[in-house]
Amino acid sequence: VQLQASGGGLVQAGGSLRVSCVASGRSTSSLAMGWFRQAPGKEREFVGAINWSTGSTYYSDSVKRRFTISRGNAKNTVSLQLNSLEPEDTAVYYCVADRTYYGSTSYLASLWDFWGQGTQVTVSS
């Protein structure tokens with residue numbers, strides 16, 4: 001499975017941004033997909049995940065009132081809508097995928113088999 005993320009960029013604090021991810025390759029049916037992020041000098045952090053088949057989602061507490069993961073019209077595409085952005089949200093955002101949806105344990109990076117190359121989101125103050 002190959003993951004291609006897009007849509008990052010520079011935005012002012014309080015603004016919004018949308019990043020997307022497309023999964024391709026063999027055996028991409030019924031994937032779980034999600035996002036992690038990593039800021040400079042910080043550990044990788046879970047953002048959220050979605051069961052593409054059912055639409056069930058799970059978010060980290062730090063973003064769940066501001067970020068929304070949704071399924072795209074095309075199979076195995078997901079978007080992450082980032083609202084009310086703060087400078088602390090500045091990071092490289094990585095798309096992830098797996099053939100199992102882990103729900104509340106989705107925050108464990110080791111569970112995710114497939115990782116994309118990341119897209120930079122920068123929030124200026």
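Here's what I pulled together on the structure shown here. (Residues numbered from 1 in each chain as written. Predicted model: local features only at pLDDT ≥ 70, side-chain atom pairs only at ≥ 80, totals over all residues. Heavy atoms only, no water.)

Tracing the backbone shows Arg 66 in the loop between strand 6 (57-59) and strand 7 (67-71). Engagement of the side chain of Arg 66 in a polar contact is seen with the backbone oxygen of Ser 62, the distance being 3.4 Å. Residues contacting Arg 66, with those up to four places away along its chain left out, are Gln 81, Leu 82, Asn 83, Ser 84, Leu 85, Glu 86 and Asp 89. (Helix = DSSP H or I, 4+ residues; strand = E, 2+ residues; numbered from the N terminus. Polar contact = N/O pair within 3.5 Å; in protein donor to acceptor, adjacent residues only side chain to side chain. Contact = heavy atoms within 4.5 Å.)

Pairing between sheet strands relies on hydrogen bonds along the backbone, with the strands arranged either parallel or antiparallel. Read across the sheet, four strands follow the order 1-3-8-7 without closing on themselves; strand pairing throughout is antiparallel. Looking at strand neighbours, the two that pair on one side only are strand 1 (2-6) and strand 7, the edges of this open sheet. Averaged over all pairs of adjacent strands, the angle between their axes in this sheet comes to 20°, without regard to strand direction. (Pairing = 2+ DSSP bridges. Axes fitted to C-alpha atoms, helices over the stretch in contact; angles between N-to-C directions.)

Further remarks concern the environment of Thr 54. Considering the arrangement of structural elements, one finds Thr 54 in the loop between strand 5 (45-51) and strand 6. For the pair Thr 54 and Ala 32, spaced 22 residues apart in sequence, the C-alpha to C-alpha distance is 9.7 Å. Among the polar contacts made by the side chain of Thr 54, one reaches the side chain of Ser 56 at a distance of 3.1 Å.

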